[in-house]
Amino acid sequence: MTRRLTGNPVVPGAAEGVALVAAEPLSFWGGLNTATGEIVDRRHELSGRIVTGRVFVLPRGKGSSTASACLLESIRAGTAPAAIITSRIDPVLALGAIVADELYGRSVPIVVLPEEAFRSIQDGDRLTVEPDGAVTVDSPDGA
Amino acid sequence: MPLRLSDTDRKMLGGGHGEGASLAMRIMVRWAQACGADELMDVAQAHIDGCGLLSEAGLEFAETLAGRGAKVAIPTTLNMGPLDLRNWRDFGVPEDFAAMAIRQAEAYTRMGCIPTWTCAPYQGYLTPRFGRQIAWGESNAVAYANSVLGARTNMYGDYSDICAAVTGRVPRQGLHLTRNRKGQILIRLAGFDPADLGDDAFWPAFGHLLGPLAGDRVPVIEGLPADATDDQLKALCAAAASSGAVALLHAVGVTPEAATLSEALQGEEPAETFDIRPADLEAAARDLSTAEEGAPLDLVLAGCPHFSFAEFRKLADLVRAAGHTARMGGKSRVAFIVITSTQSHALALRAGLPHVLTDFGVRITLDTCMFHTPMVGPDTKVVMTNSGKCAYYAPGELGVKVAFGSLADCVRSAALGRVCRRAHP
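Every value quoted in this text rests on a predicted model; they were computed, and no experiment measured them. (Residues numbered from 1 in each chain as written. Chains lettered and ligands numbered in written order. Predicted model: local features only at pLDDT ≥ 70, side-chain atom pairs only at ≥ 80, totals over all residues. Heavy atoms only, no water.)

This next bit is on the overall build of chain B. Of regular secondary structure, chain B possesses 16 helices and 14 strands. For 425 residues, the compact-globule estimate of 2.2 N^0.38 gives 22 Å, and the C-alpha radius of gyration of chain B, at 22 Å, lies within 12% of that figure. Along the longest, intermediate and shortest principal axes, the C-alpha atoms of chain B span 70 × 55 × 35 Å. With an accessible surface of roughly 15,400 Å², chain B has 50% of that area assigned to carbon and sulfur atoms. Distance between charge centres in chain B, computed from 39 positive and 46 negative side chains, equals 3 Å. (Helix = DSSP H or I, 4+ residues; strand = E, 2+ residues; numbered from the N terminus. Rg over C-alpha atoms; globule rule 2.2 N^0.38 Å. Areas by Shrake-Rupley, 256 points an atom, 1.4 Å probe, with all protein chains shown as cover. Lys, Arg positive; Asp, Glu negative; His and termini not counted. Charge placed at Lys NZ, Arg CZ, Asp CG, Glu CD.)

This is the structure:
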């Protein structure tokens, strides 16, 4: 089944990938190993999972103001998610993506979806993010 | 809505204040647009968090800005850095790491930042005044500045902090505005004995509990003592900003925008009310530990956020007392590191405190953070700390098991070589 969701392109860009969905917020600093892309917050539900190349769907970031630096470094190192979808604007994550674009001319699109649309995305859905903030969701058969 | 810019903003954007300022303003403008702000506003001082993490991208960004001639436009302090600039060799930090860290430090000082190198800038130089609009990074410092000092800042993530310092401008939104500083939920402490709140483990444990409870809402706390110390509030803010996104809390009768409950709530009703009981605090303290009681201990870490003068004095009293207890032997059996700023350390030196700690086996490191400088080796398996923030991040950042306890628990455990707490908090 294919659906189309409309979001706010906080950091506009195009990307596609398989959804990695977190129910809980995550701090990218202390929560993400930028060399490997692994979620290393051992209290987090996704501890041990790899964000690289996935469309990372999380309610918002939290905690450290170093999270933007970690997103920037993961973009430089090639371990970043393909895109990030949140349910509210996360200024710290937006910053990491904007600085990456200024410094390296490449970035990670960030889209904010309304709560209901945000919650409709399931782990494993194939997502396409467009520069205008549209998100196309392909759910695997039987989902 | 499009972002409105002043003539000065436009001039800076167009390169009229140099290439470095132009890059900083371009990032500030794009970021303000991403955040949905409608204009920029002036800030009077800045505190830079972006100087703390050492990464190739972070160094490249700092050197790019500095290389293009960017200078800070407002008084700007520096957070802890990735290196003890004086003693790094004593802590086994590799040369190549140190060389990179020194380049990063030079880039920030070249831009005119004041080399405070502390994550507790509110206990050092240039403490902001009540009501002042500032741009601070470092989550614990942001929570403290807003809550305890009543200065006004959002959490300025790396590298918006240096862009704010160079441009003197930030998006006009969030906690800079009175309406957004209104308390939204009420947390009532119920059934606590005053002695519970006198235990220094209460504050980080309570902060740890508060973070997820508050989410992104401003919490108002009723029941904290009016004579809460700066260090207790520091521990509370640091833990709440780690387990959650708390950037402002009000404590009725304690913090400056909360003389009364009604003032903290700006005359409105709280969206939700929670009663916190001693059993909740015990659960929060347990949740901060991943190591078992009695586990063999490798390292004690204190000074997250950076140790204050008062904390030096308290630790000196504790280790002196341990020296008088035959069972403890008067020496730490494990590595014991205290992390602080040159400013607090200078005061402690004048009071003759560091040698008391050194005799017990404590090593003091300046300017840095155990999470940002490679001073904790792979042989370290179990760490004990009195910090909720350190306990929260240590398992992920250091790959260790962690035990949380009061400073007294840390000293006792160090002397015994194993995790040994009394029931807490």
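Past the structure itself, the notes keep going.
With that settled, consider the overall build of chain A. When helices and strands are counted, chain A shows three helices and eight strands. Mapped from its N terminus to its C terminus, chain A presents α and β elements in the order β-β-β-β-α-β-α-β-α-β-β. Compactness check: chain A gives a C-alpha radius of gyration of 14 Å against a globular reference of 15 Å for 143 residues, within 12% of the reference. For chain A, the spread of C-alpha atoms along the three principal axes comes to 35 × 30 × 25 Å. For chain A, the residues scored as buried account for 59% of the 143 residues in total. (Buried < 20%, exposed > 50% of the residue type's maximum accessible area, 1.4 Å probe, protein only.)

Residues and elements named next belong to chain B. Ordered in space as β3-β2-β4, the three strands form an open sheet in which the pairing is parallel. Sheet topology places β3 (76-78) and β4 (135-136) at the edges, where each strand pairs with a single neighbour. By the bridge criterion, two bridges tie strand β2 (residues 46-48) to β4 in an arrangement that is parallel. Residue pairing across strands places Ala46 opposite Ala135, the latter belonging to β4. (Pairing = 2+ DSSP bridges.)

Attention shifts here to the sheet that holds strand β6 (residues 185-189) of chain B. Residues and elements named next belong to chain B. Taken in spatial order, the four strands line up as β8-β7-β6-β9 in an open sheet, and their pairing is parallel. Two strands lie at the open edges of the sheet, namely β8 (250-251) and β9 (272-276), each paired on one side alone. Looking at chain direction, strand β7 (residues 219-222) and β8 are connected through two bridges and run parallel. Bridging from a neighbouring strand, Ile221 pairs with Ala251 of β8. In the packing of helix α8 (residues 202-214) onto the sheet, the strands contacted are β6, β7 and β9, and the crossing angle to β6 comes to about 150°. (Contact = heavy atoms within 4.5 Å. Axes fitted to C-alpha atoms, helices over the stretch in contact; angles between N-to-C directions.)

With that out of the way, let us pick up the interface of chain A and chain B. Each partner contributes residues to the interface: chain A has 32 residues there, and chain B has 42 residues. Interface area, chain A with chain B, both sides summed: about 3,200 Å², of which 58% is carbon and sulfur. In terms of surface lost to chain B, no three residues of chain A exceed Trp29, Arg43 and Glu102 of chain A, which account for 23% of the buried area on that side. Applying the counting criterion to the chain A and chain B interface returns five salt bridges. For the interface between chain A and chain B, the tally reads 15 residue pairs in polar contact (both at pLDDT 80 or more). Broken down by element, the residue count for the side of chain A that touches chain B peaks at 10 residues, all from helix α2 (residues 91-104) of chain A. Here the residues of the side of chain A that touches chain B are counted per class, giving 15 nonpolar, seven polar and 10 charged. (Buried area = accessible area lost by both parts, 1.4 Å probe. Salt bridge = Lys/Arg side-chain N within 4 Å of Asp/Glu carboxyl O. Polar contact = N/O pair within 3.5 Å; in protein donor to acceptor, adjacent residues only side chain to side chain. Nonpolar A, V, L, I, M, F, W, Y, C, P; charged D, E, K, R; others polar.)

Right, let's talk about the layout of surface pockets for a bit. Counted as a void, the largest pocket has a volume near 950 Å³. In terms of lining residues, the largest pocket is bounded by 39 residues, among which Ile89 and Pro91 of chain A together with Asn154, Asp216 and Ala245 of chain B are the most central. Element by element, the count of residues in the lining of the largest pocket is highest for α2 of chain A, at three residues. Across the lining of the largest pocket, the residue classes break down as 20 nonpolar, 11 polar and eight charged. Here the lining of the largest pocket gathers at least three residues from each of two domains, domain 1 (7-174) and domain 2 (182-287) of chain B. The space that makes up the second largest pocket amounts to roughly 700 Å³. (1 Å grid on protein atoms, 1.4 Å probe; cavity = no way out; pocket = protein on both sides within 12 Å on 5 of 7 lines; lining within 4 Å. Points joined across faces, edges and corners; volume = space filled by probe spheres on them. Domains from an automatic or database assignment.)

This part covers the domain arrangement of chain B. Residue and element names in this part refer to chain B. In terms of domain boundaries, chain B breaks down into domain 1 (7-174), domain 2 (182-287) and domain 3 (299-416). One C-alpha centre belongs to domain 1, the other to domain 3, and the line joining them spans 28 Å. Between domain 1 and domain 3, the residue contacts involve 28 residues of the former and 19 residues of the latter. Where domain 1 abuts domain 3, roughly 1,800 Å² becomes buried across the two surfaces, and 52% of that area is made up of carbon and sulfur atoms. When the area that domain 1 buries against domain 3 is broken down by residue, the three leading residues are Met80, Asp84 and Phe91, summing to 30%. One can count one salt bridge joining domain 1 with domain 3. Glu138 is the salt-bridge partner of Lys389, the closest N and O atoms lying 2.6 Å from each other. Counting across the domain 1 and domain 3 interface gives 13 residue pairs in polar contact (both at pLDDT 80 or more). Tallied by class, the residues present in the side of domain 1 that touches domain 3 amount to 14 nonpolar, 10 polar and four charged.

Here we come to the confidence of the model for chain B. Model confidence for chain B is summarised by a mean pLDDT of 95, while 98% of its residues fall at 70 or above. In the predicted complex, the global pTM is 0.94; the interface-specific ipTM is 0.93. (pLDDT = per-residue confidence, 0-100.)

Residue and element names in this part refer to chain B. By the burial criterion, the buried members of helix α11 (residues 278-287) are Leu281, Ala284 and Ala285. Each buried residue of α11 lies within a common arc of 100° when the element is viewed along its axis, so the set occupies one face. Projecting away from the buried face of α11 at angles above 90 degrees are the exposed residues Ala279 and Arg286. Of the surrounding elements, those touching the buried residues of α11 are α8, β9 and β14 (401-404). (Arc of directions from axis to C-beta.)

Here we come to the pairing of β6 of chain B. Residues and elements named next belong to chain B. Most of β6 is tucked away, with four of its five residues classed as buried. Relative to β7, β6 is paired through four bridges, and the arrangement is parallel. Looking at the pairing, Arg188 lines up with Glu222 of β7.

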